[in-house]
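# Chain and residue survey
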Amino acid sequence: MEASPDGAARSPKKPYWQPYWWRLLFRADGEPVFRAMGPEPFQQVSNRALKNGSLEAWAEALLAEAPGELEDLRGDLILECYTEPAPAEGTPPVYSRRIRLPGSAAR
């Protein structure tokens, strides 16, 4: 804790933005469980992306690209965002969104 000019204790200033970490989970049609995608389960959301926008806006843009980038996959995709790089098992995400990937056969 820092002291204010009048001697009262106050919390240190936090940055105007909050860092976040994210992961994608995928469950193919017919599979019972979701599995993390990628070699590392959590990646940091770019500070540049959060400089002028919200976490929700960044997430919506990422998920808008997913069907085109993952066109060969059919199933459910979940994006989860956390305020720490390695959340404990059972920690709820601060943001989560699930979308459907139709796969290339749907074209």
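What you are looking at is a predicted structure, and each value in this text was computed from that prediction instead of being measured.

Turning next to the overall build of the protein. When helices and strands are tallied, the protein shows two helices and seven strands. The buried share of the protein, taken over its 107 residues, is 29%. Considering only contacts in the protein between residues 6 or more positions apart, those separated by 24 or more positions represent 59%.

Turning to the packing of aromatic side chains, a few remarks are in order. Applying the stated criterion across every chain, the model contains two aromatic pairs. Ring centres 5.5 Å apart and planes at 80 degrees place the aromatic pair F42 and Y82 in the edge-to-face group. Of the two residues, F42 is situated in the loop between β4 (35-36) and β5 (43-44) and Y82 in strand β6 (residues 74-82); the sequence distance between them amounts to 40 residues.

Turning next to the side chain of D76. One can find D76 in strand β6. The buried category is assigned to D76, whose relative accessible area is 13%. One polar contact links D76 to R98, side chain to side chain, over a distance of 3.2 Å. Here D76 is in contact with L25, F26, R27, F34, R98, I99 and R100, once residues within four sequence places are set aside.

Let us look at the pairing of strand β3 (residues 21-28). Within β3, six of the eight residues are buried, leaving the element largely enclosed by the surrounding structure. Where β3 meets β5, two bridges bridge the pair, whose relative direction is antiparallel. What sits directly across from W22, in β5, is Q43. As paired strands, β3 and β6 are joined by eight bridges and run antiparallel to one another.

What counts and what doesn't
Residues numbered from 1 in each chain as written. Predicted model: local features only at pLDDT ≥ 70, side-chain atom pairs only at ≥ 80, totals over all residues. Heavy atoms only, no water. Helix = DSSP H or I, 4+ residues; strand = E, 2+ residues; numbered from the N terminus. Buried < 20%, exposed > 50% of the residue type's maximum accessible area, 1.4 Å probe, protein only. Contact = heavy atoms within 4.5 Å. Phe/Tyr/Trp six-rings, centres within 6.5 Å; stacked < 30°, edge-to-face > 60°. Polar contact = N/O pair within 3.5 Å; in protein donor to acceptor, adjacent residues only side chain to side chain. Pairing = 2+ DSSP bridges.

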